Amino acid sequence: FRYFRWAWRLTYLYVLGSIGYVIYDGYSSRHPDNQFHPDPSKKNLVILGTGWGSVALLKKLDTENYNVIVVSPRNYFLFTPLLPSCTTGNIEHRSIMEPVRQILRSKKASAMYYEAECTHIDAERKVIKISDNSDIKGDVHVTEVPYDMLVVGVGAENATFGIPGVRENSCFLKEIKDAQAIRTKIMDCVETAGFKDQKPEEVSRLMHMVVVGGGPTGVEFAGELRDFFDEDIKKLVPEIADSFKVTLVEALPNVLPMFSKQLIDYTESTFKEEHIEIMTKTMVKNVTDKYIEAEISRPDGKKELTRIPYGLLVWATGNALRPLVKDLMSQIPAQKDSRRGLAVNEYLVVQGARDIWAVGDCAVAGYAPTAQVASQEGAFLARLFNNMAKTEALEAKVHELSASLNVQPGNSAQVVQEIESTERQLRRIKDIKPFHYSHQGSLAYIGSEKAVADVAWLNGNLASGGKLTYLFWRSAYLSMCFSTRNRVLVALDWVKAKVYGRDVSRE
Ligand code: FAD
Ligand code: NAI
């Protein structure tokens, strides 16, 4: 009983502490400290993008060392791992967005932000061209920004492999607007299927939700969609319940190729129970507004063309290079053999370029294009730049002290000692180890409150799947959210969806 009382007291203290922290966090973000303006004579550090790589860099960067300028068409950071949950309203989209203004305002020294797209990098002149592509444009909406140091963290765009009809007819799942479009379309299909006198075959087509790409994006979305149907749509619109179907189309022999065999099997059997059909070895070749055409490879090696009617088509076949990245690569002869992005060295310097670094999905450093890699790369660059600034300050100090030796020869012993200690400090700082990625594991939600996890554990790997893994998935992603505000909003969304169900109104 005594233990119980202690446990109760500890829980009480924990809850009280958490509430106190949330209040303090809210107060401090509403009342930020004054920022000082960095010396404009310092180097211009231009950062492109506000995604995982760039924001991890910004978070850890001492902005007082540089004249920091951030350029991105998106004025917020997006926590992509929970984006599939926004397609069904399990999480509201603003809960996983963090305004870049909030991030910059929390820095000691202010940094500039321009909501614009970088359309060209002139590596020779060391300037970038930026363009405001938002709806509201001022008299000046195209201009140039000079840089001394440039970090390219523009991510990637959706791969379509030039397959006809994909861009015109399918939804992608990369940005907030994509998730909103999917959410609207799901309900549009449901309401259209329920339209008076709709023919049964048309109801079946409208209620057929097809996902192309069996990577983690496609799998997580298929799982979320099935949950939405089972927990909400089916209850509110029972007349279409029998026609609802989710199909996942994948060109390879299995889904989730980056997970272990055991978890692939687990995912496939869970999908079977959830009535999500998986079509493997099926390569989509053409997309029209009502059906897709795909080539199925049969076990005997024969290929067969099939037509799959759909109501909603979500295209999740991975990444392709952004035009800006292609353009930069074409200017640098050392990049001519790189196909997947900007080839970087072990310090993330773009090979063949001067003063340009690259992070995240647009960089090729030998790792998978994931948020984990991008954020570790961003944090590495912050350490590197902080060190470079310290090095420059110490070198200037050594220079100044050496000069003063000639002016005040009387203090020479003390000055020499100071020079030696500064040089020792310099050597320590200059010894920066190259970037090394530490893989913490892979996690994916597969629907029905089940998740799969391949996590690094005691120098080995731990593979697990099921309901407990789902709780782990939830707590891991909750703790990884960008801010306490995001954490609170996501937790409230989960509670709201559980108690009241997801909102099925079509915006
Ligand atoms: P991004 O985060 O894509 O950011 C790119 C930034 O550049 C954006 O701000 C964009 O607006 C900006 N930009 C684009 N063009 C320009 C331009 N011309 N000029 C200036 N700025 C520009 N990874 C995981 O590790 N775990 C997960 O659970 C996970 N879940 C995911 C779920 C989904 C639905 C998706 C789509 C991806 C997921 N990923 C996950 C992958 C992860 O999101 C990416 O690897 C990560 O976002 C890459 O970070 P980045 O900084 O390179 O690019
Ligand atoms: P992906 O590249 O991982 O998977 C795309 C899949 O589409 C491939 O399996 C490919 O074979 C298939 N495909 C390509 N063309 C096709 C066609 N014409 N017809 C049928 N299938 C086709 O892409 P995804 O899922 O968007 O992920 C991108 C990156 O983001 C990956 O590195 C991934 O690891 C990461 N990510 C990680 C998540 C997690 O850890 N939970 C969640 C989402 C993404």
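Preceding this section is the structure that the text describes.
As the structure is a computational prediction, the values presented were derived from the model and not from experiment.

A. Structural detail: the overall build of the protein chain. Secondary structure summary: the protein chain contains 14 helices and 24 strands in total. When its C-alpha atoms are laid out on the principal axes, the protein chain stretches across 100 × 70 × 50 Å. Out of the 507 residues belonging to the protein chain, those deemed buried represent 46%. With an accessible surface of roughly 26,700 Å², the protein chain has 55% of that area assigned to carbon and sulfur atoms. When the 62 positive and 62 negative side-chain charges of the protein chain are each reduced to one mean point, those points stand 4 Å apart.

B. Here's a closer look at the nonpolar core. Leu 82, Ile 96, Met 207, Ile 233, Ile 240, Leu 312 and Trp 473 are the most contacted members of the largest nonpolar core, which has 67 residues in total. Element by element, the count of residues in this core is highest for helix 6 (residues 176-193), at eight residues. When residues of this core are assigned to domains, at least three fall in each of domain 1 (32-156 + 321-388) and domain 2 (166-319 + 439-500). Setting aside chain neighbours within four positions, we find Ile 233 in contact with Ile 186, Met 187, Val 190, Phe 228, Pro 238 and Ile 240. In this structure, Tyr 66, Val 100, Cys 118 and Val 154 belong to the second largest nonpolar core, which totals 54 residues.

C. Local environment of unusual backbone geometry. For Asp 197, which is not glycine, the phi dihedral falls at a positive 65°. With respect to the helices and strands, the residue Asp 197 is situated in the loop between helix 6 and helix 7 (200-206).

D. Main features of the layout of surface pockets. A volume near 760 Å³ is recorded for the second largest pocket. Looking at the second largest pocket, it is lined by 26 residues, and the ones nearest its centre are Asp 25, Ser 28, Ser 29, Gln 102 and Ser 106. Looking at the lining of the second largest pocket, the elements with two or more residues in it are helix 1 (2-30), helix 2 (52-60), helix 4 (100-105) and helix 14 (484-500). Two domains share the lining of the second largest pocket, each providing at least three of its residues, namely domain 1 (32-156 + 321-388) and domain 2 (166-319 + 439-500).

E. View of empty space enclosed by the protein. The full count for this structure, using the stated rule, is one cavity of 30 Å³ or more. In this model, the largest cavity occupies a volume close to 40 Å³. As for the largest cavity, its lining consists of Cys 86, His 93, Gln 180, Arg 183 and Glu 507.

F. Structural detail: the packing of aromatic side chains. Enumeration over the complete set of coordinates arrives at 17 aromatic pairs. Ring plane angle 85° and centroid distance 6.1 Å describe the contact between Phe 79 and Tyr 477, whose orientation is recorded as edge-to-face. A residue pair is termed long-range when its members are at least 10 positions apart, and Phe 79 in the loop between strand 3 (76-78) and helix 3 (83-86) and Tyr 477 in helix 13 (residues 467-480) qualify at 398 residues. Accessibility assignment for this pair places Phe 79 and Tyr 477 in one class, buried. Aromatic rings pair up to connect Trp 52, Phe 77, Phe 79, Tyr 445, Tyr 470, Trp 473, Tyr 477 and Phe 482 into one cluster. Just above the ring of Trp 6 sits the side chain of Arg 9; from NZ or CZ to the centre is 5.1 Å. Over the ring of Trp 494 we find Arg 474; its NZ or CZ atom is 4.0 Å from the centre of that ring.

G. Looking closely at the side chain of Ser 72. Counting through the fold element by element, Ser 72 comes out in strand 2 (residues 67-72). With relative accessibility at 4%, the residue Ser 72 sits in the buried group. For Ser 72, the contacting residues outside a window of four places in its chain are Gly 49, Thr 50, Tyr 113, Tyr 114, Glu 115 and Ala 116.

H. Helix 10 (residues 323-331), seen in detail. Taken as a whole, helix 10 has its buried residues at Leu 324, Val 325, Leu 328 and Met 329. The arc that holds the buried residues of helix 10, viewed along the axis, is 135°, so those residues lie on one side. What points out from helix 10, more than 90 degrees from its buried face, is the exposed set Pro 323 and Ser 330. Buried positions along helix 10 lie against strand 1 (44-48), strand 6 (117-122), strand 9 (149-152), strand 19 (342-343) and strand 20 (356-358).

I. Structural detail: the packing of helix 6 against helix 8 (residues 216-236). For the pair helix 6 and helix 8, interaxial distance at closest approach is 13 Å and the crossing angle is 45°. By the angle between their directions, the pair helix 6 and helix 8 is classed as oblique. Note on packing geometry: the crossing formed by helix 6 with helix 8 is right-handed. Where helix 6 abuts helix 8, its residues Ile 182, Ile 186, Met 187 and Val 190 lie against Phe 221, Leu 225, Phe 228 and Ile 233.

J. Fine view of the site of ligand 2. Taken together, 24 residues are adjacent to ligand 2, and Thr 217, Glu 250, Val 284, Pro 369 and Leu 443 come closest. A distance of 3.3 Å separates an oxygen atom of ligand 2 from a polar atom in the backbone of Pro 216. With respect to ligand 2, the side chain of Glu 250 contributes an N or O atom lying 2.6 Å from an oxygen atom. Calculation on ligand 2 without its partners gives an accessible area of 840 Å², and the protein chains cover 79% of this total. Elements that contribute at least two residues to the shell around ligand 2 include exactly helix 8 and strand 14 (282-287).

K. View of the site of ligand 1. As a structural note, the neighbourhood of ligand 1 is formed by 29 residues, with Thr 50, Gly 53, Thr 80, Asp 361 and Tyr 477 the closest of them. Here Pro 369 contributes a backbone N or O atom positioned 3.1 Å from an oxygen atom of ligand 1. Measuring from an oxygen atom of ligand 1, one finds a backbone N or O atom of Ala 371 at 3.0 Å. In isolation ligand 1 exposes 990 Å². Once the protein is present, 90% of that is buried. Where the shell around ligand 1 is concerned, the elements lending two or more residues are helix 2, strand 2, strand 6 and helix 11 (371-407). Considering every element that reaches the shell around ligand 1, the biggest residue donor is helix 11, with three residues. Residue classes in the shell around ligand 1 are distributed as 13 nonpolar, 12 polar and four charged. Both domains that meet at the shell around ligand 1, namely domain 1 (32-156 + 321-388) and domain 2 (166-319 + 439-500), each give it at least three residues.

Calculation notes
Every chain is numbered on its own, with residues counted from 1 as its sequence reads. Each chain gets a letter, beginning with A, and each ligand a number, beginning with 1, in the order they are written. Thresholds applied to this predicted model are a pLDDT of at least 70 for local features of residues and 80 or more for the giving and counting of side-chain atom pairs; totals over whole chains, interfaces and linings are not thresholded and use all residues. The basis for the side-chain values is all heavy atoms of the structure; hydrogens and waters are excluded. Secondary structure is summarised from DSSP: a helix means a run of H or I of at least four residues, a strand means a run of E of at least two, and numbering begins at the N terminus for each. Summary of the burial criterion: residues with accessible area below 20% of their type's maximum are buried, those above 50% are exposed, and those between are partly exposed, where the area comes from a 1.4 Å probe applied to protein chains only. Per-residue and other accessible areas were derived by the Shrake-Rupley procedure at a 1.4 Å probe size, with only the shown protein chains allowed to occlude residues. Residues scored as charged are limited to Lys and Arg (positive) and Asp and Glu (negative), so that His and the chain ends carry no count. To locate a charge, take atom NZ for lysine, CZ for arginine, CG for aspartate or CD for glutamate. For this analysis, a nonpolar core means a set of buried residues of the types Ala, Val, Leu, Ile, Met, Phe, Trp, Tyr and Cys, connected via side-chain atoms within 4.5 Å. Throughout the structure description, domain borders are defined by an automatic or database domain assignment. Here, residues are in contact when the closest pair of their heavy atoms is within 4.5 Å. Only protein atoms enter the 1 Å grid, on which a cavity is a set of points fitting a 1.4 Å probe that cannot get out and a pocket is an open set with protein on both sides within 12 Å along at least 5 of 7 lines, lining residues being those with an atom within 4 Å of a point. Grid points are joined across faces, edges and corners, and a volume is the space filled by probe spheres set on the points. Working definition: rings of Phe, Tyr and Trp (its six-membered ring) pair if their centres are within 6.5 Å, and the pair is stacked with planes under 30 degrees apart, edge-to-face with planes over 60 apart, and tilted otherwise. Cation placement over rings: the criterion is NZ of Lys or CZ of Arg within 6 Å of the ring centroid and within 35° of the ring normal. Directions drawn from the helix axis to the C-beta atoms are what define this arc. Each axis is a line fitted through C-alpha atoms, taken for helices only over the stretch in contact, and angles between the N-to-C directions span 0 to 180 degrees. Roughly parallel covers angles under 35 degrees, roughly antiparallel covers those over 145, roughly perpendicular covers 65 to 115, and oblique covers all other angles. Left-handed describes a crossing whose near helix is turned anticlockwise from the far helix through less than a right angle; right-handed describes the clockwise counterpart. For each residue, the test is whether any non-hydrogen atom lies within 4 Å of the molecule or strand; if one does, the residue is near. In the analysis that follows, any N or O atom pair within 3.5 Å is treated as a polar contact, provided that within protein one partner can donate a hydrogen and the other can accept it, and provided that, for residues neighboring in sequence, both atoms belong to side chains. Each residue receives one of three labels: charged for Asp, Glu, Lys and Arg, nonpolar for Ala, Val, Leu, Ile, Met, Phe, Trp, Tyr, Cys and Pro, and polar for the others, Gly being one of them.

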